[in-house]
Amino acid sequence: MTALASNHGAGATPRRRGARPPRRPGTGWIGLIPFSVYAILFLGIPAVLAIASGFFTSAGAFTISNFSAFGDPVILKDLVGSLGLSAASAILGAVIGALVCYAMLGMNPDGWLRTIVDSASSVLAQFGGVMLAFAFIATVGNQGLIIVIAKQLFGDSALSSPIYTVPGLTLVYLYFEIPLMVLTFMPALEALKPAWGEAVATLGGSRWTYWRQVGFPILAPAFFGCMILLFANAFSSFATAAALISQGGIWPLDIQRALTSETVVGHENEAGVIALGMIVVMVVLMSAYGVLQRRAARWGS
Amino acid sequence: MTAVDASLTPLQAGPAAEPFVAARAGRSPRYGAKPSMPTSVVILIIIGALFLLPIAAMVIFSFRSNQGGYTVGHYIDVFNPALEYTYDGLFVGIQNSLALCVITVAIILVLLLPVMILVELRYPKLRRVLEFVCLLPITVPTVVLVVGFIPVYSVLSQLLGSDAWTLGFAIGVIALPYAYRPIAVNLAGVDVVTLTEAARSLGAGWLPVLWRIVIPNLRRGILAACFITIAVVLGEYTIASFLGRTTFQTALVLIQHTDPYVAVIFSLLALILAFVLLLIIGRLGSIRPRSKD
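Residues numbered from 1 in each chain as written. Chains lettered and ligands numbered in written order. Predicted model: local features only at pLDDT ≥ 70, side-chain atom pairs only at ≥ 80, totals over all residues. Heavy atoms only, no water.

Asker: It is not clear to me how the overall build of chain B should be interpreted in this structure. Could you clarify?
Answerer: When helices and strands are tallied, chain B shows 13 helices and zero strands. For chain B, the N- to C-terminal ordering of α and β elements is α-α-α-α-α-α-α-α-α-α-α-α-α. Within chain B, buried positions represent 52% of all 293 residues. Taking all contacts inside chain B whose residues are at least 6 apart in sequence as the whole, residues at least 24 apart take part in 73%. If you sum the accessible surface of chain B, you get close to 13,300 Å²; carbon and sulfur atoms cover 67% of it. (Helix = DSSP H or I, 4+ residues; strand = E, 2+ residues; numbered from the N terminus. Buried < 20%, exposed > 50% of the residue type's maximum accessible area, 1.4 Å probe, protein only. Contact = heavy atoms within 4.5 Å. Areas by Shrake-Rupley, 256 points an atom, 1.4 Å probe, with all protein chains shown as cover.)

Asker: Please clarify how the environment of Phe70(A) should be interpreted in this entry.
Answerer: All names here are of chain A. Tracing the sequence through the fold places Phe 70 in the loop between α2 (33–52) and α3 (73–104). We classify Phe 70 as partly exposed; its relative accessible area is 28%. With 200 residues separating them in the primary sequence, Phe 70 and Glu 270 have C-alpha atoms 9.5 Å apart. When residues no more than four places from it in sequence are discounted, the contact partners of Phe 70 are Ile 75, Leu 76, Trp 251, Val 273 and Gly 277.

Asker: So what exactly am I meant to see when it comes to the interface of chain A and chain B here?
Answerer: One frequently used descriptor of interface size is the decrease in accessible area upon assembly of the parts. In this complex, chain A contributes 111 residues to the contact, which on the side of chain B involves 109 residues. A combined buried area of about 9,100 Å² lies between chain A and chain B, and 74% of that area is made up of carbon and sulfur atoms. Across the contact surface, chain A and chain B share zero salt bridges. There are nine residue pairs in polar contact (both at pLDDT 80 or more) connecting chain A and chain B. (Buried area = accessible area lost by both parts, 1.4 Å probe. Salt bridge = Lys/Arg side-chain N within 4 Å of Asp/Glu carboxyl O. Polar contact = N/O pair within 3.5 Å; in protein donor to acceptor, adjacent residues only side chain to side chain.)

Asker: Even after reading the chapter, I still don't get the packing of aromatic side chains, so can you show me in this structure?
Answerer: Between two aromatic rings, the relevant description is the distance of the centres plus the angle of the planes. This model, assessed by the stated rule, comprises 27 aromatic pairs over all chains. With centroids separated by 4.9 Å and ring planes inclined at 45°, the aromatic side chains of Tyr173(A) and Phe176(A) adopt a geometry described as tilted. Here Tyr173(A) pairs with Phe176(A), and both are found in helix α7 (residues 166–190), just three residues apart, close to one helical turn. Considering the side-chain rings of Phe149(B) and Tyr153(B), the 6.2 Å spacing of their centres and the 80° angle between planes classify their relative orientation as edge-to-face. Of this pair, Phe149(B) and Tyr153(B) both sit in helix α6 (residues 142–160), four residues apart, roughly one helical turn. Here Phe149(B) matches Tyr153(B) in class, with each residue buried. (Phe/Tyr/Trp six-rings, centres within 6.5 Å; stacked < 30°, edge-to-face > 60°.)

Asker: Honestly, α3(A) in this entry has me stumped. Any pointers?
Answerer: It helps to recall that an α-helix has 3.6 residues per turn; residues three or four apart then point in one direction. Look at α3(A): 45 Å from first C-alpha to last across 32 residues, which is about the 46 Å you get at 1.5 Å a residue. Where α3(A) begins, the capping side chain belongs to Asp72(A), and its oxygen is found 2.9 Å from the backbone nitrogen of Val74(A). (Expected span 1.5 Å × (residues − 1).)

Asker: Would you explain helix α7 (residues 167–189) of chain B in this entry?
Answerer: For α7(B), built from 23 residues, the straight-helix expectation of 33 Å at 1.5 Å per residue is met to within 8% by its first-to-last C-alpha distance of 33 Å. With 18 of 23 residues buried, α7(B) is to be regarded as a mostly interior element.

Asker: Can you help me understand the pattern of salt bridges in this one?
Answerer: Side chains that differ in charge, positive against negative, can pair when their charged atoms come close. Under the criterion given, the structure shown has seven salt bridges over all chains. Note that Glu120(B) is salt-bridged to Arg127(B), the shortest N-O span being 3.3 Å. Look at Glu120(B) and you get buried, because its relative accessible area is 14%. Across the salt bridge formed by Arg181(B) and Glu131(B), the nearest N and O atoms sit 3.8 Å from each other. Remark: Glu131(B) occurs in helix α5 (residues 127–139) and Arg181(B) occurs in helix α7; sequence separation between them is 50 residues. The exposure class assigned to Arg181(B) is buried, which follows from its relative accessible area of 11%. Connected through salt bridges with shared partners, the residues Arg114(A), Asp118(A) and Glu190(A) form a single ionic network.

What follows is the structure, given as structure tokens:
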């Protein structure tokens, strides 16, 4: 708050020729208070509590013994599960998403197709959650369309659906990872200047030369940046997995289990410990994303 | 932690590149990044079909009868008073979610919007701080924040009770990055400082300036922020599930066990509603102002 308050008046309009200045310079910072209070109460405090709770026993004494949870084979296995799922869905999502962006480049940027793809991508990438899980239950769930057809075709009634396992989640996650790639990578592709293509053509280069010498190198930072964002998105998503899997296997589900089950002595506040672990992973990812994003912006304008 | 520059909504897509004349005419361009028309169409049809498949499966599933064959019975059941108790939880959840939409949109309009305008007009140095705060919920996963929300809400429920509407404060935080972006993009595109100074120099007071100059110029950003916030609230599951409140999404998960057909019907409706909301934003966004650049 002091940091906010000490800055007051910084951008105040220098001239006050208005007939009735309702506010004297220096009182405007009051307007910053409501949002600041809200952000502190519902973003600052919860974030700090989430990170700090791993350092305390349930009785409230400071401890670092909770972090022995990171030696727990289940927690380690689930970390590997989380990272594997995130990596697989990020790599596949980035490649397929980039392909969609490339195809969209040939379409009118103000056209209806573009608006539809943008809106649909936005819905699937950001607001699907549980509903996407249902969509996949209806498609490849145990009673799903494709599984039922496959059973009829092959007569194999023992055929079971893959989507209720962690590796199978990759397929479901792609359904929001590809749209996220479309949303985040499209601006980078659109920023490729036609003049560069013309320059390559003037110098006698083929389209393949253009991609190898110009397109890929320029897009690489943006592409890998978006891939990291997809990784982070998969790593932190909870709802879709929770609706499909009941027995854990990734870190977000471990937090759920830790919060809803009885605490075991020596494993107190395990949710806080995993939460801290997730934050560390996210900060590393987002820092890498920031670096790549700055590199990508170099060719921006 | 760095500020995230990800484009989060259709609105934020940068200015479109100059369309190639050749590509427009449908001939394959001989240079540059643009694909030929057939390549585009083939890629889009294949991937589009794969993306439509789960949606189509939902539609087919919703007409499937328990006895085999197809029926519209599941749609009629929703309005069947005899089955009302089965869907009671779902309707309570929908009601709660609609109330949460109102509260969360109010938080965006009453808390976020004024502070964004104030920072733009008088404290431009704080712009980076505000952006960092608003984008922070992307870096801190919701499932992590929830660990902190639980103690906060155990205090809050003593003050305000444990009704579902109190979740609005937490969901407002989750909606911050999505709501911030379109308003910020809009603010960057309109020179509010000059507009305000012009109005002030003509003798307008601050309130008329805000109400008649600033807000109308930010109409599109504000509308997009509200729609996206509604979509966030309707899709929110994590917070409600951990804090044990009944919302649309938690009710869907519950009813999925007893009546998967109705869960799928309402999922479809919600996805379509969100799609339409974002389609409206998208069309608003593509009608670009003729001014500047």
